[in-house]
Amino acid sequence: DSGVTQTPKHLITATGQRVTLRCSPRSGDLSVYWYQQSLDQGLQFLIHYYNGEERAKGNILERFSAQQFPDLHSELNLSSLELGDSALYFCASSVEIADTQYFGPGTRLTVL
Amino acid sequence: AQKVTQAQTEISVVEKEDVTLDCVYETRDTTYYLFWYKQPPSGELVFLIRRNSFDEQNEISGRYSWNFQKSTSSFNFTITASQVVDSAVYFCALRYAGNMLTFGGGTRLMVKP
């Protein structure tokens, strides 16, 4: 158990809908990262927050957004969902930016 | 460009065999970090090891060992006396000046009893 928690574990929704994925980092970790794992794209970095501020963006669609709250938990919002958004979404956290990232169990999103 | 290549998509071995998973990386940075993560069938990503670009010492942890060679831009992972519980997808990853990890495509290891 990495200490990173993600909810929900599974999410099934329809095209066009909006969902929110939640991540609680390990105690004391200031950095939160979001990654997407899909069969065709592999594991890809989406976005990074450090102590509430966005620090880096990767291949994140405009339909996706994220934020990190004062208590350091983070949410990833996915809207206007398409079939291709079906994937495993991971959250990772680290103490500081340069430290090892520890991953949560992931949220499996299925868009029907 | 930063890139990680794991040429072996799938490897199948019989229990107790030794197996090496290859990882080749590309980066222009002189300071970078390399990682291995394990993804068992349950789906989570488990951290195994981190090396920085200035430390080429090989590392051994139980049945696991890692060989880092800057001359060939490789960071290979060997499991000695493999066990069924080692069956998983293994990912090599690179972190450079940015904070994000760039992952290889993964190698699926199947250890048969």
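Structure shown above.
Quick notes on the rules
Residues numbered from 1 in each chain as written. Chains lettered and ligands numbered in written order. Predicted model: local features only at pLDDT ≥ 70, side-chain atom pairs only at ≥ 80, totals over all residues. Heavy atoms only, no water. Helix = DSSP H or I, 4+ residues; strand = E, 2+ residues; numbered from the N terminus. Rg over C-alpha atoms; globule rule 2.2 N^0.38 Å. Buried < 20%, exposed > 50% of the residue type's maximum accessible area, 1.4 Å probe, protein only. Areas by Shrake-Rupley, 256 points an atom, 1.4 Å probe, with all protein chains shown as cover. Lys, Arg positive; Asp, Glu negative; His and termini not counted. Charge placed at Lys NZ, Arg CZ, Asp CG, Glu CD. Disulfide = S-S within 2.5 Å.

J.: Which parts of the structure should I look at to understand the overall build of chain A?
T.: When helices and strands are counted, chain A shows zero helices and 11 strands. The helix and strand sequence of chain A, counted from the amino end, reads β-β-β-β-β-β-β-β-β-β-β. Taken over the C-alpha trace, chain A has a radius of gyration of 13 Å; the compact-globule value for 112 residues is 13 Å, and the two agree within 12%. With respect to the three principal axes, the spread of C-alpha positions in chain A is 35 × 30 × 25 Å. Per-residue burial for chain A yields a buried fraction of 51% across its 112 residues. In the structure as shown, chain A presents an accessible area of about 5,300 Å², 47% of it carried by carbon and sulfur atoms. If you average the places of the 8 positive and of the 12 negative side-chain charges in chain A, the two averages end up 4 Å apart.

J.: How do you make sense of the state of the cysteines when you look at a structure like this?
T.: Disulfide: a covalent bond connecting the sulfur atoms of a pair of cysteines. Scanning all chains against the criterion turns up two disulfides over all chains. Paired by a disulfide, Cys23 of chain A and Cys91 of chain A hold their sulfur atoms 1.8 Å apart. Between Cys23 of chain A and Cys91 of chain A the disulfide shows an S-S torsion of about -50°. By sign, it is left-handed. Taken as a pair, Cys23 of chain A in strand E3 (residues 19–24) and Cys91 of chain A in strand E9 (residues 87–94) lie far apart in primary sequence, 68 residues in all. The partner cysteine of Cys23 of chain B in its disulfide is Cys92 of chain B, sulfur to sulfur 1.9 Å. One disulfide, between Cys23 of chain B and Cys92 of chain B, carries an S-S torsion of -65° and so falls in the left-handed class. Placement of the pair is Cys23 of chain B in the loop between strand E3 (19–21) and strand E4 (24–26) and Cys92 of chain B in strand E10 (residues 88–95), with a sequence separation of 69 residues. Each member of the pair, Cys23 of chain B as well as Cys92 of chain B, carries the same accessibility label: buried.

Limitation: the analysis is restricted to geometry and does not speak to function.
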